Amino acid sequence: MINPNQDSNPPIFDTIIVGAGISGIGAAYYFQRDCPNKSYAILESRAQLGGTWDLFKYPGIRSDSDLYTFAYEFKPWRSRKSIASAQLILEYLNETADEYQIRDHIQFSTQVKRAEWCSTESLWTITTRNTKSGETTVLKARWIFSATGYYDYNEGFLPKFNGLESFDGELIHPQHWPENFSASGKKIVVIGSGATAVTIVPELAKDADHVTLVQRTPTYMMNLPTGDPIANTIKAIFSEQTAHRLIRRKNVFLHRLFWRFSQRFPNAAKRFLIRHVGRNLPEGYDVAKHFTPPYNPWDQRLCAVTDGDLFKAIHRGDVDIQTDHIECFTSSGLKLKSGEEINADTVVTATGLNIQLMGGVDIIIDGKPIDFPNTVTYKGAMLSGVPNFCFAVGYTNASWTLKIGLLCEYFCRVFNHMEAQNFSKCVAEVPTHNFPTSPLLDFSAGYVQRSLHLMPKKGESAPWDMSMNYGPDVKFFREGRIDDEFLVFQAN
């Protein structure tokens, strides 16, 4: 464990990684592999590693991507479950941190409050606070790699519901799940239609008297097995590393094939998905109302219904769905705009996330605070005008980690290029003041749309766009030029 240095001469690291979730641990692996003998530290505000997978404790929490692509390319996924629980993912992340001695570089309970770049020194000064003792520490670094994701860990999103204060029952947001909650014998309403709601509903239905899912808009769903029989056959034939590589390629190929089909033939993809869901529901179920979204496939992520658990709960009569708007809360539950009232002992608001850029860190460049909406992303990895700074945002249309691994490799390439050329500063600069831009993410999920005005922008073409296409990205990040006309390097 790294001991914080309180001297007037703070330690200087080659890289500070902010966040010890799946992105931060991956960044640490690639940095120590590709930039050997260089110093780094991971600053993690929580007391454990794991990020999302340690934070959320709601029933049934699991991945909605297959673990052969969500796991790291360098470390095989050994479980026979392709769609895995948070517990299995946490075990995998902890095993990775220990296997590659990454845990020794993590400062836990260390919240980054402020990062200040000084062009004179070509260094970042990073102010942290110990979340247990309140003690302040200062570190310095040549580079910052922000692996914080893009949502607020402290508070989930709760819409303004009329009459919420009149509800006499228990109100729970999945981001703050009570430790000893029991669903036994309760009437429960879950508000939402995304992956969290689709996961929670069938789990609660196992013990609850009844569960009602209330949604404004349906979501595309697919019945997927937790196990992958083809993957398990491959693992039985080939060595562990070879099997992991083959399964990963298979899953990337199949996912990209369906995504491209959906983009080119959205109506056909929509018909396929709706028929697929209909075959899993009771005869005569109103699929058009409850399972037919008004948008095209992949405008939002598809929800995985693992082993058909939600559909089975509907068949049993343990779950019903109401597609409507909420008029107001009442003392005993909800009233919908249709006039129907739903009684509830507990209401779960699976209503999404709040966006928080770079973990809420105050970022200052030569005394001037960064204005994120006036920056432009460069290769989806850096921000215009922000020196020696890399951030990690994964794919919205595929496994998050596929993109993160490529970003980490690219970051190491840039770092090594600077070492070879004796550069101390690297910054992306947009070509003109009237550079055409658009919103960062072409993604209609509510948590994204609510916060686009707070985010950096993207350009209309490479290297200023935000690519969501893994195939071309592999070559782009691993073999593309480092010293292009937009990335400016300087030596002290």
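Residues numbered from 1 in each chain as written. Predicted model: local features only at pLDDT ≥ 70, side-chain atom pairs only at ≥ 80, totals over all residues. Heavy atoms only, no water.

### Concerning helix α8 (residues 266–279)
Alright, step 1. Compared with an ideal rise of 1.5 Å per residue, which puts 14 residues at 20 Å, α8 spans 20 Å between its outermost C-alpha atoms and is within 8% of the ideal.
Alright, step 2. Taken together, the buried positions of α8 are A269, L273, I274, H276 and V277. Seen along its axis, α8 keeps its buried residues to an arc of 155°; they face one direction. Among the exposed residues of α8, those oriented more than 90 degrees off its buried face are N267 and R279. (Helix = DSSP H or I, 4+ residues; strand = E, 2+ residues; numbered from the N terminus. Expected span 1.5 Å × (residues − 1). Buried < 20%, exposed > 50% of the residue type's maximum accessible area, 1.4 Å probe, protein only. Arc of directions from axis to C-beta.)

### Brief notes about the pattern of salt bridges
Any two side chains of opposite charge can pair, given that their charged atoms come close.
Alright, step 1. Taken as a whole, this structure holds 22 salt bridges when the rule is applied.
Alright, step 2. With a shortest N-O distance of 2.6 Å, K38 and E419 are connected by a salt bridge. A residue pair is termed long-range when its members are at least 10 positions apart, and K38 in the loop between α1 (22–34) and β2 (40–43) and E419 in helix α11 (residues 400–421) qualify at 381 residues.
Alright, step 3. For K38, a relative accessible area of 29% puts it in the partly exposed group.
Alright, step 4. For R78, the salt bridge goes to E95, with nearest N and O atoms at 2.6 Å. Of this pair, R78 sits in the loop between α3 (67–70) and α4 (86–99) while E95 sits in helix α4, and the two are 17 residues apart along the sequence. (Salt bridge = Lys/Arg side-chain N within 4 Å of Asp/Glu carboxyl O.)

### As for the environment of M468
Alright, step 1. With respect to the helices and strands, the residue M468 is situated in the loop between β24 (457–458) and α13 (470–479).
Alright, step 2. The buried category is assigned to M468, whose relative accessible area is 16%.
Alright, step 3. When the C-alpha positions of M468 and T396 are compared, they lie 7.3 Å apart, and in sequence the two are 72 residues distant.
Alright, step 4. The residues contacting M468, other than those within four sequence positions of it, are R256, G394, Y395, T396, N397 and L441. (Contact = heavy atoms within 4.5 Å.)

### Comments concerning the nonpolar core
Alright, step 1. W124, V190 and L204 are the most contacted members of the largest nonpolar core, which totals 149 residues.
Alright, step 2. The element that contributes the greatest number of residues to this core is α11, accounting for 12 residues.
Alright, step 3. Filtering out sequence-adjacent residues up to four positions away, L204 remains in contact with P59, W177, F181, A183, I188, V190, V211 and V348.
Alright, step 4. By size, the runner-up hydrophobic cluster in this structure holds 12 residues, among which are I191, V214, L336 and V347. (Core = buried A, V, L, I, M, F, W, Y, C linked by side-chain atoms within 4.5 Å.)

### A closer look at the pairing of strand β25 (residues 487–490)
Alright, step 1. With burial as the criterion, only one face of β25 is covered, namely that bearing L487 and F489; the residues V488 and Q490 on the opposite face remain uncovered.
Alright, step 2. Bridging between strand β22 (residues 425–428) and β25 involves 4 bridges; their strand directions are antiparallel. Paired with C426 across the strands is F489, a residue of β25. (Pairing = 2+ DSSP bridges.)

### A look at the sheet that holds strand β13 (residues 326–330)
Alright, step 1. Within the open sheet, the 3 strands sit side by side as β13-β14-β15. Their pairing is antiparallel. Lying at the two open borders of the sheet, with one neighbouring strand each, are β13 and β15 (341–343). For this sheet, the mean inter-axis angle between neighbouring strands, taken without regard to orientation, is 20°.
Alright, step 2. Sheet topology places β13 next to strand β14 (residues 333–336); 4 bridges connect them, and they run antiparallel. Paired with T330 across the two strands is G333, which belongs to β14. (Axes fitted to C-alpha atoms, helices over the stretch in contact; angles between N-to-C directions.)

### Re the sheet that holds strand β7 (residues 170–172)
Alright, step 1. What the 5 strands build is an open sheet, ordered β7-β16-β8-β9-β12; its pairing is parallel. Bordering the open sheet on either side are β7 and β12 (319–323), each of which pairs with just one other strand. Direction aside, neighbouring strands of the sheet carry axes that sit 20° apart on average.
Alright, step 2. Of the strand pairs in this sheet, β7 and strand β16 (residues 346–349) are connected by 3 bridges, and their pairing is parallel. Looking across to β16, one finds that L171 is bridged to V347.

### Digging into the environment of T226
Alright, step 1. Mapping T226 onto the fold places it in the loop between β10 (221–224) and α6 (229–237).
Alright, step 2. For the pair T226 and N388, spaced 162 residues apart in the sequence, the C-alpha separation amounts to 41 Å.
Alright, step 3. Setting aside residues up to four positions removed in sequence, T226 forms contacts with R80, K81, S82, I83, T306 and D307.

### Topic: the side chain of N232
Alright, step 1. If you trace the backbone, N232 turns up in helix α6.
Alright, step 2. When near neighbours in sequence (up to four residues on either side) are disregarded, N232 contacts Y68 and R80.

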